[in-house]
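# Residue-level structure breakdown
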Amino acid sequence: MEKVMSNKKIIAIYVLPALTLILALVYIPIVMTGYYGLMKWNGIGSMEFIGLTNYAKLIKDPMFWTSVRHSFLLALFSVLSLIGYLLVALVLAGQIKGANLLRKIYLIPMLLSSVAIAQLWLKIYHPTNGVLNRFLASLGIDNTPEWLANPSLVLYAIFIPILWQYAGFYILIYYAALKNIPSSLIEAARIDGANPLQIALKIKIPLIAGVIKVTVILAVIGSLKYFDLIYVMTGGGPNGASEVVASYMYNQAFNRLDFGYGSAIGFFLLLMCLVLTWLIRKLSASDEETQYS
Amino acid sequence: MLVFVAVVQVLPLVWLFFFSLKNNQEVFHLPPFALPEDPKWENYVKVWTEGNIGVYFFNSVWITVVSVVLTVFLASLATFAITRMKWKLKKPVLGLFMVGLMIPVHSALIPLFSLFLKINLINHPLSIILTYTAFNLPLTIMILLGFYYTIPRELEEAAIMDGCSVHGLFFRIILPITTPAMATAAIVNMIFNWNEFVFVNTFISSDEYKTLTVGIQNFVGQYTTDWGAIGATLVISILPILIAYLILSDRIVEGITAGSVKG
């Protein structure tokens, strides 16, 4: 038995296909990204080694830091919205009729492609014929804003569909975690005279702390690498007002054909995601024991 | 509050459906949520017959199916070796797959583009099938992992005693009993691949191989001012997912939960 299940040849046959793919198409490329960041390169012609020039340029590039700030702003909004999603899940996981149907409805936007969502919201935000401004006009507001053309509004106008897209996902995760709490615990607290608010704050939320940590990581990492909807809706514009790190990387590489600089941005994005994941795990390590499974 | 959230989640889609049945005159002058007096179903006929929607649609279907089957099969093989077999490097190898969950696709995009350019896979469906598979392996393995750990050891001991080979054990016993987990993983994969945008947009340039997401993006560009046609295109692109959701909603909900909470 022991011998059969540790046959090296068979193990290799089973693991190597998947391992080769992930090494060749995920791990080697991310190392190459760091390496290409040291090059002057238009993507097709020959490369020229220029050392840390791209990385130095990155540090001095105000547009890059603007995109970093926008990405972090999106992360902040996403994490704050988790509070709302948790609230919805807490109510939903109480004995509500139709909870099952409701959580399924919440999830619908997440199943749709970002392109379809982006096109739909482009129409919603349309300055004259969009449903939003027509609604505002019907309330008697005359100077309805041009949501996506106004540099001070565009970023927030884009955050809304992103939060809309993922709301159901987080509500669903919280709901599943809350449903996993044994009812005897809640029952015991109720007998001890705890009110619903106390039960939520002192029992339910601590018990799902592990899941909350995971959602915070997902929301932060997801926000930092967010791309599709912003790229389709505004391409980062007007004038960089909605540029995020991933869209800035894409624009520099594939639209301005500066692949060396794009790679430097891509490498920075990778470091940002890994460091933040590690940091969040580290900061919330003490919560580990309370995770209920 | 709960119903309000539900309304917010679907209202934009209802509006989309309504304007897909209108002409511009009606879109701009009727109240947003009024149905037109005679629905313009011809918007749908027009976009389906005029452009390449049919081709994009077919590409999305077959590319999604091939990638999902490949991903789930390779992930099953790897998960089997990691959870059931004895070898020294299994912990670091599993770690390698799990760290893959945190890696943003954009950080690998430029080298992948240059790699596919070199080996002539740019504008070839294989480039997206392989990247979908590689990038979905971590999540798929994570979903399968929990299920594999619950399979009792006695099962494989009995099989081996009876003279079953490791391959026989995997193909005839393990694969059949992990069907539910594979289904869950397949559904999550399916949703990701169906909606994927960046890889197709970067690697594929000819209409012949574009999938629905990138296809509609270009297609909508042709109808910048015809709202009914744009609406119809978008409805066509989201309808398959909505129908699949109506039929498989429990599985999809379960798949999405399983794919996230276990992290």
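Residues numbered from 1 in each chain as written. Chains lettered and ligands numbered in written order. Predicted model: local features only at pLDDT ≥ 70, side-chain atom pairs only at ≥ 80, totals over all residues. Heavy atoms only, no water.

Scanning chain B from terminus to terminus reveals 13 helices and zero strands. Along chain B, from the amino end to the carboxyl end, the secondary structure elements read α-α-α-α-α-α-α-α-α-α-α-α-α. Across its three principal axes, chain B shows a C-alpha extent of roughly 75 × 50 × 30 Å. Long-range contacts, defined here as pairs at least 24 residues apart, represent 73% of the contacts in chain B between residues at least 6 apart. Here chain B holds 14 positive side-chain charges and 15 negative ones, and the gap between their average locations is 16 Å. (Helix = DSSP H or I, 4+ residues; strand = E, 2+ residues; numbered from the N terminus. Contact = heavy atoms within 4.5 Å. Lys, Arg positive; Asp, Glu negative; His and termini not counted. Charge placed at Lys NZ, Arg CZ, Asp CG, Glu CD.)

This next bit is on the side chain of B:Ser76. If you trace the backbone, B:Ser76 turns up in helix α4 (residues 53-84). Those residues in contact with B:Ser76, other than ones at most four positions away along the chain, are B:Leu144, B:Tyr148, B:Phe170, B:Leu175 and B:Met182.

Time to look at the UniProt feature "transmembrane region" (unreviewed entry) in chain A. All names here are of chain A. The feature "transmembrane region" (unreviewed entry), as given by UniProt, occupies residues 12-38, 72-93, 105-122, 153-177, 207-227 and 259-280 in the numbering adopted here. Structurally, residues 105-122 is divided into 89% helix and 0% strand, and its ends, taken at the C-alpha atoms, are 22 Å apart. Helix and strand shares over residues 207-227 are 81% and 0% respectively, and the end C-alpha atoms of the span are 33 Å apart. (UniProt positions renumbered as here; feature names shortened; annotations may be inferred.)

What follows deals with unusual backbone geometry. Here the residue pair A:Gly237 and A:Pro238 is connected by a cis peptide bond, since its omega of -5° sits within 30 degrees of zero. You can see A:Pro238 is positioned in the loop between α11 (228-233) and α12 (245-255). Positive phi, normally seen in glycine, also occurs at B:Asn120, with a value near 60°. Along the chain, B:Asn120 falls in the loop between α6 (106-118) and α7 (125-149). Judged by its relative accessible area of 66%, B:Asn120 falls in the exposed class. Its identity is not glycine, yet B:Asn123 carries a phi of approximately 65°, on the positive side. Here B:Asn123 lies in the loop between α6 and α7. (Buried < 20%, exposed > 50% of the residue type's maximum accessible area, 1.4 Å probe, protein only.)

Our next topic: the packing of aromatic side chains. For the structure on display, the rule yields 40 aromatic pairs over all chains. Ring pairing ties together the aromatic residues A:Tyr35, A:Tyr36, A:Trp41, A:Phe227, A:Tyr231, A:Tyr250, A:Phe254, A:Phe259, B:Phe113 and B:Phe197, which thus form one cluster. Against the face of A:Tyr261 rests A:Lys57, its NZ or CZ located 3.9 Å from the ring centre. (Phe/Tyr/Trp six-rings, centres within 6.5 Å; stacked < 30°, edge-to-face > 60°. Lys NZ or Arg CZ within 6 Å of the ring centre and 35° of its normal.)

With that settled, the discussion passes to the environment of A:Ala149. All names here are of chain A. Within the fold, Ala149 resides in the loop between α6 (131-138) and α7 (154-179). When its relative accessible area of 45% is taken as the criterion, Ala149 is described as partly exposed. C-alpha of Ala149 to C-alpha of Pro238: the two residues are 89 residues apart in sequence and 6.2 Å apart in space.

On to the pattern of salt bridges. Tallying each qualifying case throughout the model produces eight salt bridges over all chains. Taking the shortest distance from any N to any O, the salt bridge between A:Arg190 and A:Glu187 comes out at 3.5 Å. Of this pair, A:Arg190 and A:Glu187 both sit in helix α8 (residues 183-191), three residues apart, roughly one helical turn. The exposure class of A:Glu187 is partly exposed, given its relative accessible area of 38%. Salt-bridge contacts for B:Arg84 lead to B:Glu156; the nearest nitrogen and oxygen are separated by 3.0 Å. Of this pair, B:Arg84 sits in helix α4 while B:Glu156 sits in helix α8 (residues 153-161), placing them 72 residues apart in sequence. Here the two residues B:Arg84 and B:Glu156 agree in accessibility, since each one is buried. (Salt bridge = Lys/Arg side-chain N within 4 Å of Asp/Glu carboxyl O.)

Another aspect to go through is the packing of α12(A) against α6(B). Think of two packed helices as two axes; the pair is described by the angle between the axes and how far apart they sit. Contact geometry for α12(A) and α6(B): axes closest at 10 Å, N-to-C directions at 15°. If you check the angle between α12(A) and α6(B), you find them roughly parallel. Crossing handedness for the pair α12(A) and α6(B): right-handed. Contacts from A:Ala246, A:Met249, A:Tyr250, A:Ala253 and A:Phe254 of α12(A) reach α6(B) at B:His106, B:Leu109, B:Ile110 and B:Phe113. Here the contact of α12(A) with α6(B) is built from residues that sort into eight nonpolar, one polar and no charged. (Axes fitted to C-alpha atoms, helices over the stretch in contact; angles between N-to-C directions. Parallel < 35°, antiparallel > 145°, perpendicular 65-115°, else oblique. Left-handed = near helix turned anticlockwise from the far one by under 90°. Nonpolar A, V, L, I, M, F, W, Y, C, P; charged D, E, K, R; others polar.)

This part is about the nonpolar core. Counting 192 residues, the largest nonpolar core has A:Tyr106, A:Phe254, B:Phe80, B:Phe97 and B:Phe203 as the members making the most contacts within it. Considering every element that reaches this core, the biggest residue donor is α7(A), with 17 residues. Apart from residues no more than four positions distant in its own chain, A:Tyr106 is found in contact with A:Val88, A:Leu92, A:Gly168, A:Ile171, B:Leu2, B:Val5, B:Ala6 and B:Gln9. Within the second largest apolar cluster, five residues are counted, among which are B:Leu139, B:Met142, B:Ala185 and B:Val188. (Core = buried A, V, L, I, M, F, W, Y, C linked by side-chain atoms within 4.5 Å.)

Moving on to the packing of α4(B) against helix α10 (residues 179-195) of chain B. All names here are of chain B. Between α4 and α10, the least distance of the axes is 9 Å, while the angle of their chain directions is 140°. With respect to α10, the element α4 is oriented oblique. Judged by the sense of rotation from one axis to the other, the crossing of α4 with α10 is right-handed. Of the residues in α10, those touching α4 at Phe57, Ser60, Val61, Thr64, Ser67, Val68, Thr71, Val72 and Ser76 are Met182, Ala186, Asn189, Met190, Asn193 and Trp194. Partitioned by chemical class, the residues of the contact of α4 with α10 number eight nonpolar, seven polar and no charged.

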